[in-house]
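Given next are the chains, with one letter for each unit.
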Amino acid sequence: MTPPEDPNRILLFDTTLRDGEQSPGISLNTTEKLEIAQQLARLGVDVIEAGFPIASPGDFEAVQAIARDVDGPVICALARANAADIDRAWEAIRDSERPRIHTFLSTSDIHIEHQLMSTREDVKGLARASVAQAKALCDDVEYSPMDATRSDFAFTAEVVQIAIDEGATTINIPDTVGYATPDEYADFLTQLYAMVPDLRGVVLSTHCHDDLGLAVANSLAGAGAGARQIECAVNGIGERAGNASLEEVIMLIRTRGDRLGLHTNAVTTEIARTSRLVSRLTGYPVQPNKAIVGRNAFAHESGIHQDGVLKERSTYEIMDARSIGLDANSLVLGKHSGRAALRQALEDLGYTVDGATLKQAFERFKEVADRKKQVTALDLEALVTDELRADVQGYSLEWFDVEASTRRPPHATVAVRTPQDAVVEGSFTGDGPIDAIFRAINSATDIDARLREFRVDAVTGGQDALGEVSVVVELGAPEEAVKTDTPGVLTGRRVTGAGQAVATDIIEAAATAYVRALGNAVQKAQAAVTDAELAQTP
Ligand SMILES: CC(=O)SCCNC(=O)CCNC(=O)[C@H](O)C(C)(C)COP(=O)(O)OP(=O)(O)OC[C@H]1O[C@@H](n2cnc3c(N)ncnc32)[C@H](O)[C@@H]1OP(=O)(O)O
Ligand SMILES: CC(C)C(=O)C(=O)O
Ligand SMILES: [Mg+2]
């Protein structure tokens with residue numbers, strides 16, 4: 001990609017599906033990644049970093065599906081600076097109309113000595129070879145000197161020059177460990193421009209982590225120094241404390257366009273929906289006071305503020321909630337609504353459903369409408385994303401019985417359908433109804449999963465709100481290999497799986513979420529076994 005013709009345009013590079021997915025406990029399957037990628041395209045991001053194809057067969061498949069199906073943005077795949085990674089990345093994205101290979105290698109001495117156990121000379125050689133290899137495959141190549149902000153400046157400049165000489169079209173300067181301060185980061189970029197004049201012919205990019213809470217501030221400082229691509233992730237998810245938050249970057253540039261003189265091509269009214277979709281599919285909640293997309297971001301609690309807003313909104317509001325897509329849809333459906341209204345409502349939300357999918361969604365909707373007075377747009381969105389998950393899981397909950405009492409220990413019996421289409425049953429007497437049901441699922445499936453995280457949220461307000469449950473389970477033990485009769489569940493290495501579910505009954509949502517988490521963990525364990533077997537093949 002050449003620098004945008006408009007010198008004030010900031011390119012948005014979204015890494016939710018790559019760096020974002022590196023957050024502990026997040027594991028998205030191909031269908032979920034595709035759904036997020038389609039939504040990112042609707043939001044108008046310029047580049048989607050779809051994944052790290054060498055990391056696993058699942059990651060490869062998801063990147064390939066996105067490259068084939070998502071039109072509009074550049075589709076980018078990550079690769080370490082080695083031939084196998086770059087070939088695999090290219091294989092995954094080659095069918096995209098606008099593919100990009102992103103290759104990286106650390107320039108800091110800390111990384112070179114202690115992680116790569118290499119030398120600066122080797123790093124230069126690998127940078128040269130990897131960009132040359134990527135360029136021979138793909139015209140659009142991004143290069144990142146990882147841990148740049150803790151690197152020797154002159155050495156980083158040398159590496160950047162090499163990458164440009166070999167044909168890199170974007171140079172990204174990662175603040176990998178979130179260590180830089182805004183003035184320091186801006187200085188780094190300014191000096192780089194001075195030392196590597198060829199940088200003016202490519203796009204300079206920021207990739208800032210939030211370890212000290214400065215990711216967005218550093219990205220903005222980078223843009224001030226001339227960077228025209230900002231790497232970020234929805235809801236700020238990512239490695240450790242996360243990446244610069246996409247929605248904050250977009251709304252900062254829009255709201256303070258007067259001062260910054262910059263703009264993006266984002267369709268801001270898609271922000272709220274994108275944030276909810278990512279939160280729901282990753283199981284990562286958005287903190288209530290999170291800028292832009294937290295549920296309190298546009299809420300006024302105190303009397304003086306309410307008084308001001310009632311008189312004139314601008315007294316206490318710098319952004320209009322509608323500009324990020326809140327309250328855009330005041331749709332209310334009830335138990336008397338029909339299929340046509342449901343289809344229209346779903347289309348308004350950006351989901352095209354017909355045939356069997358509409359039938360299924362309609363049945364689910366009627367079940368919920370029978371229990372809830374009104375089904376709002378948020379409820380519908382939660383139900384549709386839930387259906388999406390249901391399609392792709394290997395295990396599913398058939399039924400459960402649970403007895404809860406203050407006089408007897410709670411007892412649960414469950415039936416679970418396995419990927420082999422058998423229905424297996426199990427019972428357990430636990431410490432509480434949820435504990436009993438989770439352990440009954442373990443007993444039914446003969447999988448010794450341990451609960452790592454459990455969270456219940458209400459989708460909307462009110463007594464009859466839909467409950468949304470997120471669960472993370474762990475399989476395997478570090479000290480001993482675990483083997484069960486379930487094909488592939490053999491691992492000496494711990495794997496986690498996340499699952500979410502939505503229902504009016506939170507025990508049902510919890511049981512469904514647990515079964516889904518278990519299914520995801522088993523899939524990951526199977527992939528780990530396959531990888532290990534492949535590695536052992538001579
Ligand atoms: C800052 C970032 O976000 S970088 C991206 C981080 N993302 C991820 O790591 C997620 C996906 N990763 C994975 O699935 C695995 O780490 C894999 C499949 C990529 C590699 O797995 P393994 O082969 O088992 O290696 P492992 O993860 O243990 O170690 C990483 C290896 O890559 C090397 N390495 C690290 N960065 C680079 C690089 N940019 N270029 C080349 N080699 C690199 C390390 O030195 C180490 O090599 P060694 O095994 O010879 O010591
Ligand atoms: C791969 C690189 C760009 C990265 O994620 C980082 O350095 O944080
Ligand atoms: Mg990163």
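Residues numbered from 1 in each chain as written. Chains lettered and ligands numbered in written order. Predicted model: local features only at pLDDT ≥ 70, side-chain atom pairs only at ≥ 80, totals over all residues.

1. Side note on the nonpolar core
Formally: In these notes, a nonpolar core means any group of buried Ala, Val, Leu, Ile, Met, Phe, Trp, Tyr and Cys residues linked to one another through C-beta atoms within 7 Å. In this scheme every C-beta is placed from the backbone, and a residue whose C-beta has 20 or more other C-beta atoms within 10 Å is buried, one with 12 or fewer is exposed, and one in between is partly exposed. A pair of residues counts as a contact when their C-beta atoms, built from backbone coordinates, are separated by no more than 7 Å.
Leu12, Ala37, Ile48, Ala50, Ile66 and Ala77 are the most contacted members of the largest nonpolar core, which totals 101 residues. When residues no more than four places from it in sequence are discounted, the contact partners of Leu12 are Val45, Asp46, Ile230, Cys232, Leu246, Ile250, Thr264 and Ala266. If you look at the next biggest cluster of nonpolar residues, it comprises 53 residues, including Leu397, Phe400, Leu475 and Val495.

2. What to know about the site of ligand 1
Threshold: Only the C-beta atom matters for this test: placed from the backbone, it must lie within 6 Å of a molecule or strand for the residue to be near it. Under the scheme applied here, ten amino acids are nonpolar (Ala, Val, Leu, Ile, Met, Phe, Trp, Tyr, Cys and Pro), four are charged (Asp, Glu, Lys and Arg), and all others, including Gly, are polar.
Around ligand 1, 15 residues are found, and the nearest of them are Ala55, Arg80, Ala81, Leu105 and Leu116. Split into classes, the residues belonging to the shell around ligand 1 amount to eight nonpolar, four polar and three charged.

3. Considerations on the UniProt feature "binding site: Mn(2+)" (unreviewed entry) in the protein chain
Definition in use: UniProt positions are given in the numbering used here, feature names are shortened, and annotations may be inferred rather than shown by experiment. Secondary structure elements follow DSSP: runs of H or I of four or more residues count as helices, runs of E of two or more count as strands, with numbering from the N terminus.
Under the local residue numbering, the UniProt record ascribes the feature "binding site: Mn(2+)" (unreviewed entry) to Asp19, His207, His209 and Asn243. What stands out for the annotated residues spanning 225 residues is how close their C-alpha atoms remain, the widest pair being 10.3 Å apart. Relative to the elements of secondary structure, Asp19 occurs in the loop between β1 (11–14) and α1 (30–43). Not counting residues up to four positions away in its chain, the partners in contact with Asp19 are Ala233, Gly238, Glu239 and Asn243. Along the polypeptide, His209 turns up in the loop between β7 (203–208) and α8 (215–224). On the neighbour-count criterion, His209 (25 C-beta atoms within 10 Å) is buried.

4. So, the environment of Gly213
You can see Gly213 is positioned in the loop between β7 and α8. Residue classification places Gly213 among the exposed positions, given that 9 C-beta atoms sit within 10 Å. Along the sequence, Gly213 and Phe298 sit 85 residues apart, while their C-alpha atoms lie 21 Å from each other.

5. Describing the pairing of strand β3 (residues 74–80)
Here is the rule: Pairs of strands are assigned from DSSP output, requiring at least two bridges between the strands. If the strands point away from the viewer and the path from the first strand over the helix to the second runs clockwise, then the crossover is right-handed.
The buried fraction of β3 amounts to six of the seven residues, a majority that puts the element mostly inside the structure. In this sheet, β3 lies alongside strand β2 (residues 47–51) in parallel orientation, the contact comprising four bridges. Residue pairing in the sheet places Gly51 in a bridge with Ala77 of β3. In the classification by handedness, the crossover that spans β2, the intervening helix α2 (residues 57–69) and the parallel β3 is right-handed.

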